[in-house]
Amino acid sequence: MKAQRISKIEHGTPVSLIVNGQEIQAQAGESIAAALLAAGQRQISQNSKSRAPRGYFCGMGMCFECVATVDGVPNVRTCITEVTPGCVVETGS
Amino acid sequence: MIPRKPDTTEIAIVGAGPAGVAAAVTAARAGASVTVLDEYARPGGQYYKQPVHTDGGPSYPHSLASTIQQGRELLEGLSHPGIDLQCNTLAWNISADELVLDLYSPAGARALQAQRIILCAGATERAVPFPGWTLPGVIMAGAGQLMLKAHGLLPGKTFLLAGTGPLLQLAAVQLLEAGAQIAALVELRSRTEFLKSAAHLWRYPDKLGQGFATLQKLLQARVPIKFGHTIAQALGETEVSGAVIMRVDGDGQPIPGSETRFEVDTICLNYGFTPATELPRIAGCEQYFDQDYATYATATNDSLETSIAGILAAGETRGMGGAEVAVIEGQLAGSVAAQQLGFSPPFDQNGLSDKRLQARAVAASLGKMFQLKPGLCALAADDVPVCRCEEVSAGEVRAAIRNGVVQLNQLKPWTRAGMGRCQGRICGDILRQIVAAETGLPLSEIQPFTARAPVKPVPLEVVGGPVAETDTLTWEDHVGGYGVART
């Protein structure tokens, strides 16, 4: 399920990031979670105990369900972290 | 850790949402030097979150554009030269004796000492657990709004919204205006309860009018509104592909046989909010049980001073009230703090106090209308995880309660509930509901988890300094573990 960019709204300049080795398009200023959702990637982490898929949930950095490894730093909350051009994101841990 | 003198400021404000910004602008205009700390990249909090791409002009859906515009006007005040706004900065600890905040930002760790601290930490959305609630595609309703507001992104195609209270309807209208399909809006209150409670608002025609205008938009768009129902299950393997709702009885207990299924890709939840009170609790500020919202919150006097000298609180941290209350309380707290430091604030404090009491009265009415119902705990079947981080099931929690656990702090060592990364922010209030339902104790007698620093996870070296190989680890009784002896 891909999140839809609302066409009426002016979006930012395109930037690309690398997610699990694949290049995806995002827009400057948006959060990594927004870029992932727009690319159709809803599973962002997995529970450390059950390995069950988890994703964007609270949107405000308090639930830690959308954490990923960003440029080598683990446990980054993608919902409150802005994309930077070329940033490398590893999801699913 | 290298001991370093903390930075200093006259007034430190934690949180750049409606309350914090109003407090900062008021205090700075009075002449005080103000430092505003916010965990996020941009100010505004959740309610006044600003679009990251555009100026939020007329291209934004109507219902969002007005909130964005109001927020922008408030945030313009932050350009005052007396205000030092520090974003991406987490205040992770507070020392009540010295009025020092420990801060962490990507630039590193530091401390800030203030003559007054105003805590405006906002609130947390609340969900109730049900089978499938951890699936990607189940999100908080506010999280859906944030994707719309900040990113112009619709986080799905076909939505089901479930919970109780006015936010659900507003979120539904915003999603509709952005082009979403809404399969159903599922409201816990029965139609009769809903209309009865609306009657309680007769003294506040503005609020009533706004509520009905929102409802009318949903009816015009033929959004099915399922009063007296609750979400009962999210369907799907790796993400949401459907939802099951059930009718509830007066206590909120789902009625077997009343299941209805919807094909949806996104489920938005909002069962109210709980005040964010970690820092005030660490500081030792007295908490009280807010009967209207059935949550604990930070107690203050009429000047918004907490029980700890030099620490004030404004907005949701003091008890749920909404953005309007938050702005008024921010102005009052900023004004009081500035006056205590010898400045002449621009506001008439008596006038603000009157406005505050009126706005609080409306919020109290709303709170009473939309409390959780105890029967909803039945949705958390024994195999449903209640604590999402540690995957502690409702069954494990109930077994602990059968063994005599009656407080959340006892549940922690017994089950690990609340010991994960979110530190109980998502499950804390739910666990209080379950303990109350199982033991029959009133909610007011079930205390929240003890708040501990760091309030959110920070790198270890931020808290304790780098651990050199030569450091000797010593047993530290107060933490029940080994630590580096500090000198």
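(A) Representation of the packing of aromatic side chains. All chains considered together, the criterion is met by 5 aromatic pairs over all chains. Between F57 of chain A and W133 of chain B, the ring centres sit 6.2 Å apart and the planes meet at 85°, which makes this aromatic pair edge-to-face. Here F57 of chain A is found in the loop between β5 (53-54) and β6 (67-70), whereas its partner W133 of chain B is found in the loop between β7 (123-125) and β8 (138-140) on a different chain. Judged by centre distance (5.1 Å) and plane angle (55°), the rings of F194 of chain B and F227 of chain B are tilted. Placement of the pair is F194 of chain B in helix α5 (residues 191-200) and F227 of chain B in strand β12 (residues 225-227), with a sequence separation of 33 residues. No difference in accessibility class separates F194 of chain B from F227 of chain B, as the two residues are buried. Three or more aromatic residues joined by ring pairs make a cluster, and in this case those are F194, F227 and F370 of chain B. Above the ring of F57 of chain A, the side-chain terminus of R388 of chain B is found at 3.6 Å from the ring centroid. The cationic tip of R388 of chain B hangs over the ring face of W133 of chain B; the distance from NZ or CZ to the ring centre is 4.7 Å.

(B) How the structure looks around the packing of helix α10 (residues 394-402) of chain B against helix α12 (residues 428-439) of chain B. All names here are of chain B. Taken N-terminus to C-terminus, the directions of α10 and α12 make an angle of 50°; their axes are 10 Å apart at the nearest point. Considered as vectors, α10 and α12 are oriented oblique to each other. Two packed elements cross with a definite hand, and for α10 against α12 that hand is right-handed. Taking contact as the criterion, the partners of V397, R398 and I401 in α10 are, on α12, L431, I434, V435, E438 and T439. Tallied by class, the residues present in the contact of α10 with α12 amount to 5 nonpolar, 1 polar and 2 charged.

(C) A look at the sheet that holds strand β2 (residues 14-19) of chain A. Residue and element names in this part refer to chain A. Pairing is mixed in the open sheet, where 5 strands are placed in the order β3-β2-β8-β6-β7. Two strands in the sheet have a free side with no partner beyond their single neighbour: β3 (22-27) and β7 (73-77). Direction aside, the axes of adjacent strands within the sheet are offset by 40° on average. One ladder, built from 3 bridges, connects β6 with β7; its direction is antiparallel. Among the inter-strand pairings, V70 is bridged to a residue of β7, identified as V73.

(D) Representation of α5 of chain B in the model. Residues and elements named next belong to chain B. Residues of α5 that are buried include every one of F194, S197 and A198, and no others. One side of α5 carries all its buried residues, which in axial view fall inside an arc of 105°. Residues T192, K196 and H200 are exposed on α5 and point more than 90 degrees away from its buried face. Turning to α5, the residues buried within the fold contact α4 (166-177), β11 (181-187), α6 (205-220), β12 and α9 (349-369).

(E) Region of the structure containing the pairing of strand β16 (residues 266-270) of chain B. All names here are of chain B. Counting buried positions along β16 gives 5 out of 5 residues, so the element sits mostly inside the fold. Residues of β16 alternate between two faces, with T266, C268 and N270 on one and I267 and L269 on the opposite face, all of them buried. Across 3 bridges, the pairing between β8 and β16 is parallel. Its bridge partner lying in β16, I139 is registered against C268. Pairing analysis gives 5 bridges linking strand β10 (residues 158-163) to β16, with the strands arranged parallel. Its bridge partner lying in β16, G163 is registered against N270.

(F) Inspection of the domain arrangement of chain B at higher detail. Residues and elements named next belong to chain B. Entries for chain B in the domain assignment read domain 1 (7-123 + 274-367), domain 2 (127-271) and domain 3 (380-445). The straight-line distance from the C-alpha centre of domain 1 to that of domain 2 is 29 Å. Taken together, the 18 residues of domain 1 in the interface contact 15 residues of domain 2. For the pair domain 1 and domain 2, the two sides together bury roughly 1,400 Å², of which 64% comes from carbon and sulfur. When the buried area of domain 1 at its contact with domain 2 is split by residue, S63, L64 and V362 rank highest and sum to 32% of it. Linking domain 1 with domain 2 are 1 salt bridge, by the criterion used here. Residue E324 is joined to K207 by a salt bridge in which the shortest nitrogen-to-oxygen separation is 3.2 Å. In this structure, the connection of domain 1 to domain 2 is made through 6 residue pairs in polar contact (both at pLDDT 80 or more). Secondary-structure elements contributing two or more residues to the side of domain 1 that touches domain 2 are α2 (62-76) and α9.

(G) Representation of the sheet that holds β16 of chain B within the structure. All names here are of chain B. Read from one edge to the other, the open sheet built from 5 strands follows the order β8-β16-β10-β11-β12, with strand pairing classed as parallel. Because the sheet does not close on itself, it has two edges, and the strands there are β8 and β12. Going across the sheet, the axis of each strand differs from the next one's by a mean of 20°, ignoring polarity.

(H) Here's a closer look at the interface of chain A and chain B. Taken together, the contact between chain A and chain B spans 44 residues of the former and 51 residues of the latter. In this assembly, chain A packs against chain B so that about 4,000 Å² is buried in total across both faces, 58% of it on carbon and sulfur atoms. At the junction of chain A with chain B, the criterion picks out 5 salt bridges. The residue E391 of chain B makes a salt bridge to R54 of chain A at a minimum N-O spacing of 2.5 Å. On the surface where chain A and chain B come into contact, there are 22 residue pairs in polar contact (both at pLDDT 80 or more). The element contributing the most residues to the side of chain A that touches chain B is helix α1 (residues 32-38) of chain A, with 4 residues. Class assignment of the residues belonging to the side of chain A that touches chain B gives a composition of 20 nonpolar, 14 polar and 10 charged. Across 2 bridges, the pairing between strand β1 (residues 4-5) of chain A and strand β9 (residues 153-154) of chain B is antiparallel. Bridge pairing in β9 of chain B links R5 of chain A to L153 of chain B.

Thresholds applied
Residues numbered from 1 in each chain as written. Chains lettered and ligands numbered in written order. Predicted model: local features only at pLDDT ≥ 70, side-chain atom pairs only at ≥ 80, totals over all residues. Heavy atoms only, no water. Phe/Tyr/Trp six-rings, centres within 6.5 Å; stacked < 30°, edge-to-face > 60°. Helix = DSSP H or I, 4+ residues; strand = E, 2+ residues; numbered from the N terminus. Buried < 20%, exposed > 50% of the residue type's maximum accessible area, 1.4 Å probe, protein only. Lys NZ or Arg CZ within 6 Å of the ring centre and 35° of its normal. Axes fitted to C-alpha atoms, helices over the stretch in contact; angles between N-to-C directions. Parallel < 35°, antiparallel > 145°, perpendicular 65-115°, else oblique. Left-handed = near helix turned anticlockwise from the far one by under 90°. Contact = heavy atoms within 4.5 Å. Nonpolar A, V, L, I, M, F, W, Y, C, P; charged D, E, K, R; others polar. Pairing = 2+ DSSP bridges. Arc of directions from axis to C-beta. Domains from an automatic or database assignment. Buried area = accessible area lost by both parts, 1.4 Å probe. Salt bridge = Lys/Arg side-chain N within 4 Å of Asp/Glu carboxyl O. Polar contact = N/O pair within 3.5 Å; in protein donor to acceptor, adjacent residues only side chain to side chain.

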